[in-house]
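If you want the building blocks of each chain, they are given just below.
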Amino acid sequence: MLSLGTHPSELPTFVELSSDPFIIPKPDLEGRHGIGERAPNAQQLYGLLQSTLHEVGLPETQDRCGNQTKLRNVPGSSDVALCVLGSPLPYWPLLLEGSRVCPGDMLLCLSPAWLSKAPSELHPGLSTLLLHKAITFDVGGRTYLDEFDPPRRVTYLIPCPPVDPDFTHGLDCPMGGSFELNTILGDTLYTRILLEKNHLVGPPTLGLIYKPVRAYSPEGTSVTVVEITSKTDQTDLIKEEIKRFLASPLLETYSQVVLKPSGGRWCTSRRPMWFLERGDLVTIQREVYSLLTLLEEGESVLLEALCPTMRPASALHTQTWDAFGRVSVPRPNLAFRICAIVTRSPEGLPLLNQLICSVGRADQPLHHGSSLPQTLETTLQEWGIADPVICNNIQNQVRDKAQACMKAIMEMEKEMSPEQRGGRGARMDLIGVDLVLSSSGQVITPNSARHQNITLLRKLRIVPVWRSGQPGLAEALLHTPLNRSQRYIMEGRNVLVIGAGGVSKSFIWESARDYGLKIHLVESDPAHFAAGLVSTFLHLDVTDHKRDPEHCVKICESLSERGIKPDGCLSFWDDCIVLVAMVCERLGLHCSPLSAVQTAKQKSQTHLRLLERAFSTNVPLPSTYTPNLTHQFPSCPESTMQSTGTFLSSYTQSTCFASIPKASHATDPFPVSSFSPPFSNQSPLHAMLQKSNQAANDRFSTSSHLNCPSAYQDSVHLSPISPSSESSNPISPLTRGNPQVGNTESLFCHPTGNPDSNSSLGSFINSAYHSSWTPSPHIYAVPCYHLESHVDIEKASKMINFPAVMKLEFGAGAVGVKRVDNQEQSHTHFEKISNDLREETDYPGIGLGWGNAMTMMEYLSGTEHDVDLVVYNGQMIASFVSDNGPTRVPYFTETAAAMPSYLRPDKKAQLVEAALRCCLGCGLTYGVFNVEMKMTPTGPRLIEINARMGGFYLRDWIRAIYGVDILFSAFMVACGVRPRLHQASPPLCHLIGVMCVVSQHLRALKTTASSEVLRLLHARGIIRLNQLDDELIASEYEEPYCNVACQSQDRDTARLQLLSICQILGIDSPDYPVSYFVSDFK
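Residues numbered from 1 in each chain as written. Predicted model: local features only at pLDDT ≥ 70, side-chain atom pairs only at ≥ 80, totals over all residues. Heavy atoms only, no water.

Observations regarding the nonpolar core
Ranked by internal contacts, the top residues of the largest apolar core, which has 163 residues, are Leu157, Val497, Trp509, Ile519, Phe572, Phe971 and Leu1014. It is helix α8 (residues 388-414) that contributes the most residues to this core, ten residues altogether. Setting aside chain neighbours within four positions, we find Leu157 in contact with Cys83, Leu85, Leu129, Phe167, Thr168, Leu171, Cys173, Pro174, Met175 and Gly176. Counting 63 residues, the second largest nonpolar core, distinct from the first, contains Leu610, Tyr780, Val817 and Val871. (Core = buried A, V, L, I, M, F, W, Y, C linked by side-chain atoms within 4.5 Å. Buried < 20%, exposed > 50% of the residue type's maximum accessible area, 1.4 Å probe, protein only. Helix = DSSP H or I, 4+ residues; strand = E, 2+ residues; numbered from the N terminus. Contact = heavy atoms within 4.5 Å.)

Shown next, in the form of structure tokens:
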């Protein structure tokens, strides 16, 4: 016996939807159209679901309500709840795609009685919608009838007609439509006027509206509106208006007209439609009078011109086959109608999802439900149009018209109040636009796409992916619902941000406000411009990062004094990422382990940490490496240092390998002079070789991580992060995708982790490195050497081949990075940096608060790339690859960039794999990371890992190209919410940009490329501007002032546009050749 009983509730039942196109829906006693006693109940809709499942070959629904233990919410992994309320048929493709994209979180509610309302915590006066029972769509399209205790909070509601309009009023959750919006958009007369005012021309129309319930303003359009107050007393007026309309010059080129009702009850029923001859005035008047008698308040009769559709081209036959008995029957005149399915992107842009065509007789009304759907490409071929250029032109016209319709609706919604839209979160995220193509003879004119009407997708007609040849169409339909769900989940969260950054980070504060987040900012500058843009501003000087343990205690004390309990903590400023990890560890917030962030912060330690994998995973090492197994740490003889240097400089080149036993001794083959991490007194390799029993006990101790002064010892109370509930969740997305991966909180529980631990993700990663499909991350590391004195340069010169690269150990923005070709240049550059960049005040924001130590690493040939990763619980959620142009040697300040990458797919996959392995190899398991890589002739190599979101233009570009907001993803990960991301495929556009630097462009930036000019060009869509600084001050050590990019659907077009605009603005010059900087983007 199925458990379809209702949950106690006072919510109303569904309305009734007439299935017969010629049966007029009857109002209920309260006058609401279509709401009656014959509404389908849950049992009937359940039977309809089972029939549909059977037809598509899926198993019947399993009843899990009888289980003694009801399903419970799982924090983090099951916060999203997409709920379709009503019949399963209207959004059937959406339900099935939800079982693939978000299994377990796509829910079908068959009755409002399965729902209840609770007062909203964030929005007084509104209600939160709670789901007690639903059909769960899980992996593979399997369905389950489940009860939820406690009930699941609905994060996105799709109310399918018919639904009582009172049901959606007062809800605080996002909704894909409402009774009010459906009523407005279902009124063809109203939408026709709306679209024509947005320059979307439709057929000339006469609308006879009976007692209108809303204002119609047809001025300036081809629509004529006549208000009827009486069905019997205005006969002469109606007759005269019909006669005037038929004689209008607008109808001279039309031979037929269409008669149909609109609005009110006809929004939820397939309305009748008649084709009438324009010259038959008597018949037209008679049919109009007949239809007028059926109208109720707010309904109208439409008389519009019948747009002649494009006729199929006649086939030319060079021979006949009559001798074989083949009979050629003349086919009737055919017509086709296009339905463009358009979605609203998370960024608020209209996006065409799919084009569906219906073919039928030209002399009969054509409905999308009267024929099987097919693609526009197939239809055009049947119509004799095979030229790819013409087909592409037609598709572009249809796309532009359909997206313009969605844009007009979005603008209409902005001017409506929440009550007018039907709820705070009500808006149209998905519509269908009906269009026809007309032509003059056999020539299709540029204005051939003529708008017909908006289709309220009462039944979502999607051509199956395997038939359309366009993968990802249905998945794109869930992009906005998932994004709005996550916005709803994150709304009102308290987020602690440490370090405000400069002008280039200004977008963060405005975006956080749009997200509904409460930002509590810790910043050293008391007069920072972001102080007035956040909920709480905490002034604390944290520039001396050697005192971060003290800063951590002060921050936590300040939060406690103000009663602030952050849900997450993060930083977008590279200097503060270690401090963030300390605060997160102290407060028990989601973050990568402190040791992992420390490793990523120090460039040489990053590479050495990856090289240590060769010891911990029994990876074969170069035969030239001879470890000193007798000398104890920390002293190390010169012979050991030389052998280590041979290993460092040759491991990536040598093809002669010899296996050595796994290092389990206490010796340290790396000399202490070659690497002196500021985070501990031990070398990382020495720490890695220790057992982790004591490390696990000391993980959250003040002495092992915070190194707090004794004055703070008593006040420091560390709250270890408890094992994530997701590790025991049977339907966790992580365990679904890879059952071997569980809780990663124990990953690398001290600076190097425990390679022998079977309970951590580290053991899984180590075991994975033994497999044939993934190499150890040490192969991506580059020989490097920590420099603190000229003596270190002498030692490094024996271990690292020239040319080499010298950079600040904790630097940022490529400041002070230079290629050196010999030892003499190394000494010179080290001396210069040591004198010029000594402390934070010499150049704020580039890491001098950590000191001015340097590192030397081998120079890599090849192309440079950025890989931006979204990682949650050790699992990669999304990745984005961009290309960087050649730099102005011997320096490495960025010059140009392109996205999407020009690399072949397999090369991009190699970069993503390498970047992910490097992050996991260092222990980074939570966050949005920017990984700088080189694609060398022998594969990817790591430059450095930035354990925070990528800067400059990356967030803006990724949103524009892939429709993913990595800023919002960073906030989600910090709050312990797993992001659900969908990357647009193919990319929405291509972007190629060039950096402007004051030393080369000062004159242009004051004249032809001034800030005013650049902002104007940006506003007009000619360029895409990212302002990175606000001061025109030339300096020997400089970062880019701004990025100027060009956007196009074609990357070659974007590159040519950029070259042209740079020449016009004076950015291109002999000393700054833009053509050279973009030469790799081909």
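Let us keep going from here.
Re the packing of aromatic side chains
A full pass over the atoms with the stated rule returns 15 aromatic pairs. A ring pair is formed by Tyr1072 and Phe1077, whose centres lie 4.8 Å apart and whose planes are at 70°; its orientation type is edge-to-face. In this structure, Tyr1072 and Phe1077 share a single accessibility class: buried. In this structure an aromatic cluster arises from ring pairing among Tyr515, Phe572, Phe968 and Phe971. A cation over an aromatic ring shows up here: Arg487 above the ring of Phe968, its NZ or CZ 5.2 Å from the ring centre. (Phe/Tyr/Trp six-rings, centres within 6.5 Å; stacked < 30°, edge-to-face > 60°. Lys NZ or Arg CZ within 6 Å of the ring centre and 35° of its normal.)

Considering the sheet that holds strand β10 (residues 223-228)
Within a sheet, neighbouring strands are paired by backbone hydrogen bonds and run either parallel or antiparallel to one another. Ordered by their spatial adjacency, five strands build an open sheet running β10-β9-β13-β11-β12, and the pairing between neighbours is mixed. Both edges of this open sheet fall to β10 and β12 (274-277), since each of them pairs with a single strand only. If you compare each strand with its neighbour and ignore which way they point, the axes differ by 20° on average. One ladder, built from six bridges, connects strand β11 (residues 256-262) with strand β13 (residues 300-305); its direction is antiparallel. (Pairing = 2+ DSSP bridges. Axes fitted to C-alpha atoms, helices over the stretch in contact; angles between N-to-C directions.)

Observations concerning the layout of surface pockets
The space that makes up the second largest pocket amounts to roughly 1,400 Å³. The wall of the second largest pocket is formed by 42 residues, among which Leu351, Leu352, Gln403, Pro986 and Leu988 lie closest to the centre. Secondary structure elements with two or more residues in the lining of the second largest pocket: β14 (334-344), β15 (350-361), α7 (376-382), α8, α11 (473-477), α12 (479-490) and α29 (954-962). Residues belonging to the lining of the second largest pocket are distributed by class as follows: 17 nonpolar, 18 polar and seven charged. (1 Å grid on protein atoms, 1.4 Å probe; cavity = no way out; pocket = protein on both sides within 12 Å on 5 of 7 lines; lining within 4 Å. Points joined across faces, edges and corners; volume = space filled by probe spheres on them. Nonpolar A, V, L, I, M, F, W, Y, C, P; charged D, E, K, R; others polar.)

Side note on the environment of Ile184
One can find Ile184 in helix α3 (residues 179-185). Note on Ile184: relative accessible area 11%, which makes it buried. Not counting chain neighbours up to four residues away, the residues in contact with Ile184 comprise Tyr190, Thr191, Arg214, Met412 and Met416.

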